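Here is how the chains run, residue by residue.
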Amino acid sequence: MHPSDATLLALVQGELGRDEVAELWTHLTQCDTCAASAEKLRRGDEEMGRLLGVLDHPLPSLEPPMTTPRPRPLRRAAIAAGAALFAAGVAAASVPGTPVYRWIRERIEAQHSELPRPARAPTSTAPAQAAGGIELPAPNALIVQFTAAQPGGVLTVAVGSRPVVSLRAFGGAVAYRVGDGRLVVDNSHPADHYALEIPAGLGRLTITAGQQVIYRSDTASTVRSAAPDTISLAPGSPR
Amino acid sequence: MSLDSPRERGPRLLPGDIGPASSFEEDFRACYTARFPALFRYLDRLTGDPDLASDIAQEAFTRLHRRGAMPDEPAAWLVVVANNMLRDERRRASRRLRLLADERSREPSATPSSGPEADLERAEQVRAVRAALDSVSARDRQALLLRHSGYSYREIAVALHLAETSVGTTLVRAAQAFRRAFKEMHGAPE
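Residues numbered from 1 in each chain as written. Chains lettered and ligands numbered in written order. Predicted model: local features only at pLDDT ≥ 70, side-chain atom pairs only at ≥ 80, totals over all residues. Heavy atoms only, no water.

## Comments concerning the overall build of chain A
Part 1 of the reasoning: Within chain A, the regular secondary structure consists of 6 helices and 10 strands.
Part 2 of the reasoning: A burial count over chain A gives 37% of its 239 residues as buried.
Part 3 of the reasoning: For chain A, contacts bridging at least 24 residues in sequence account for 67% of all contacts bridging at least 6.
Part 4 of the reasoning: Working note: accessible area of chain A is about 13200 Å², and carbon and sulfur atoms make up 57% of it. (Helix = DSSP H or I, 4+ residues; strand = E, 2+ residues; numbered from the N terminus. Buried < 20%, exposed > 50% of the residue type's maximum accessible area, 1.4 Å probe, protein only. Contact = heavy atoms within 4.5 Å. Areas by Shrake-Rupley, 256 points an atom, 1.4 Å probe, with all protein chains shown as cover.)

As structure tokens, this is what we get:
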């Protein structure tokens, strides 16, 4: 069965899962017609990206909207509408002590407050997350840093066919932070186990849990040929 | 034959990811850093107006911040909000956008000038690309621009209310229509 152009496009755009990719590769090595179609789609996709790129303007500075709100045309109308509503509310309920007066006062104080919102405290009733994770383009060298050693915690590592790094957490609620060549996994609310997928071309991989290095490889060949399949996140278990 | 790497894009959060261990503020800042460039790029290419694109992108993130909780698919949510705002803005300011449409093709590109002939050629290419995009249906145009701004099939499906399995078909069709129109206007691409 020959794959459709849509399937081949998904393949060249990195949108297929590992099993689908493996199956398609097998077919493409045996079918010159489909292999030629895939190559044509790949070149076309590349050309499309180049053509659309001529439309680009410089990216504005990355300034989160809540830090320096600057009135702009779209917001002026919103601000004017909000001001009108506010004036109506004040006129309608200007008697101190009434519920509406208190509600309005709370809104004013919230808008003008410069205190950062407190972080939500974790609760014991928080539901366990299903398989959640993070995926990012693979750097040359990667450090995966678990913020805490985790007795009984297990990390499985697999080498995938896509040029991305993917980490999934099963049965828990973890949070992630991404830095330059670093993936920080906040496992203070730990998952049962974790699955890390790395590309074959990854040059260096270091995994830490708490303050301890639990895995390190310094060469691409080591990562490719001898990637550990299971690593314990328990304290005192380096490899 | 080799597969190219996917075009560079930021980290992508997968479903079920954000748990009570992180605060909304941290999640929001991470989302903003990771996704603002892609949203701006999509809107800039869609409208040809970087100021409007920046306004709408910023406003979309402002609304996300006001929401106080991350939606399941933040990137797609932002696109839906941005598309709705763009539609509303166009209804309100149709005359202004007609003037902008005339101006778009004469706007300088982001690359530095390499001479009047090169500038002219580039301006022609911008016009041809813009015209080819305009000849594609609105949904196909959005799908094409989202994909080439770094959005995944899943995010495109959620943002445009498509089945994820039909995103590939949509992109193939859109690319074919675009190329056909571009060739007619500008000759075969290199």
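## Regarding the overall build of chain B
Part 1 of the reasoning: The secondary structure content of chain B amounts to 8 helices and 1 strand.
Part 2 of the reasoning: Listed by position from the N terminus, the elements making up chain B come as β-α-α-α-α-α-α-α-α.
Part 3 of the reasoning: Per-residue burial over chain B gives 53% buried out of 190 residues.
Part 4 of the reasoning: Sequence-distant contacts, at least 24 apart, represent 65% of the contacts inside chain B between residues at least 6 apart.
Part 5 of the reasoning: For chain B, the accessible surface area stands at approximately 8800 Å², while carbon and sulfur atoms represent 49% of it.

## A few points about the pairing of strand 5 (residues 175-179) of chain A
Part 1 of the reasoning: Pairing between strand 5 of chain A and strand 6 (residues 182-186) of chain A: 5 bridges, direction antiparallel. Bridging across to strand 6 of chain A, Y176(A) finds its partner in V185(A). (Pairing = 2+ DSSP bridges.)

## Remarks on the nonpolar core
Residues and elements named next belong to chain B.
Part 1 of the reasoning: Grouped together as the largest cluster of nonpolar side chains are 71 residues, with contacts concentrated most on L39, F61, Y151 and F178.
Part 2 of the reasoning: Per-element tally for this core: the top contributor is helix 1 (residues 24-47), with 11 residues.
Part 3 of the reasoning: Contacts of Y151, omitting those with residues within four sequence positions, involve R35, A38, L39, Y42, A75, V79, L146 and I156. (Core = buried A, V, L, I, M, F, W, Y, C linked by side-chain atoms within 4.5 Å.)

## Let's talk about the confidence of the model for chain B
All names here are of chain B.
Part 1 of the reasoning: Of all residues in chain B, 76% have pLDDT values of 70 or greater, and the mean over the chain is 82.
Part 2 of the reasoning: Counted against residues more than four places away or in other chains, residues 1-8, with its pLDDT under 50, gives 18 contacts.
Part 3 of the reasoning: The ipTM for the predicted assembly is 0.78, set against a pTM of 0.55. (pLDDT = per-residue confidence, 0-100.)

## Some words on the sheet that holds strand 8 (residues 204-209) of chain A
All names here are of chain A.
Part 1 of the reasoning: Taken in spatial order, the 5 strands make up an open sheet running 5-6-2-8-9, and their pairing is mixed. Two strands in the sheet have a free side with no partner beyond their single neighbour: strand 5 and strand 9 (212-217). Neighbour-to-neighbour, the strand axes of the sheet open up by a mean angle of 15 degrees, direction not taken into account. (Axes fitted to C-alpha atoms, helices over the stretch in contact; angles between N-to-C directions.)

## Thoughts on the packing of helix 1 (residues 5-12) of chain A against helix 2 (residues 18-28) of chain A
How two helices pack is summed up by the angle between their axes together with the distance between the axes.
All names here are of chain A.
Part 1 of the reasoning: Packing of helix 1 against helix 2 brings their axes to within 11 Å, and their N-to-C directions diverge by 110 degrees. Regarding the angle of helix 1 to helix 2, the classification is roughly perpendicular. For helix 1 against helix 2, the interelement crossing comes out left-handed. Only V21, L24 and L28 of helix 2 make contact with helix 1, whose side of the interface consists of T7, L8 and L11. (Parallel < 35°, antiparallel > 145°, perpendicular 65-115°, else oblique. Left-handed = near helix turned anticlockwise from the far one by under 90°.)

## Some thoughts on the side chain of H57(A)
Part 1 of the reasoning: Tracing the chain through its elements places H57(A) in the loop between helix 3 (32-53) and helix 4 (73-92).
Part 2 of the reasoning: Within the structure, H57(A) has its side chain in polar contact with the side chain of D44(B) (distance 2.8 Å). (Polar contact = N/O pair within 3.5 Å; in protein donor to acceptor, adjacent residues only side chain to side chain.)

## Overview of the packing of aromatic side chains
Residue and element names in this part refer to chain B.
Part 1 of the reasoning: Across all of its chains, the model carries 9 aromatic pairs over all chains by this definition.
Part 2 of the reasoning: On the basis of an interplanar angle of 40 degrees and a centroid distance of 6.1 Å, the ring pair of F24 and F28 is categorised as tilted. Of this pair, F24 and F28 both sit in helix 1, 4 residues apart, roughly one helical turn.
Part 3 of the reasoning: The buried category is assigned to F28, whose relative accessible area is 0%.
Part 4 of the reasoning: Of note, R35 hangs over the ring of Y151, and the distance from its end group to the ring centre comes to 5.0 Å. (Phe/Tyr/Trp six-rings, centres within 6.5 Å; stacked < 30°, edge-to-face > 60°. Lys NZ or Arg CZ within 6 Å of the ring centre and 35° of its normal.)

## Looking at unusual backbone geometry
Residue and element names in this part refer to chain B.
Part 1 of the reasoning: The phi angle at H161 is positive, at roughly 55 degrees, despite the residue not being glycine.
Part 2 of the reasoning: By secondary structure assignment, the location of H161 is in the loop between helix 7 (153-160) and helix 8 (167-186).
Part 3 of the reasoning: Judged by its relative accessible area of 64%, H161 is exposed.

## Some details on the pattern of salt bridges
All names here are of chain A.
Part 1 of the reasoning: Tallied over the entire structure, the rule returns 19 salt bridges over all chains.
Part 2 of the reasoning: With a closest N to O distance of 3.0 Å, E135 and R162 form a salt bridge. Note that E135 is positioned in strand 1 (residues 132-137) and R162 in the loop between strand 3 (154-160) and strand 4 (164-170), a separation of 27 residues in sequence. As far as the burial class goes, E135 and R162 line up, both buried. (Salt bridge = Lys/Arg side-chain N within 4 Å of Asp/Glu carboxyl O.)

## A few points about the confidence of the model for chain A
Part 1 of the reasoning: Confidence along chain A averages 73 in pLDDT terms, with 64% of residues attaining 70 or more.
Part 2 of the reasoning: Within the model, the stretch residues 110-131 of chain A combines pLDDT values under 50 with 28 contacts to residues more than four positions away or in other chains.

## Overview of the environment of R41(B)
Part 1 of the reasoning: Within the secondary structure layout, R41(B) lies in helix 1.
Part 2 of the reasoning: Residues R41(B) and L145(B), spaced 104 residues apart in sequence, show a C-alpha to C-alpha distance of 8.6 Å.
Part 3 of the reasoning: The residues contacting R41(B), other than those within four sequence positions of it, are D56(A), H148(B) and S149(B).

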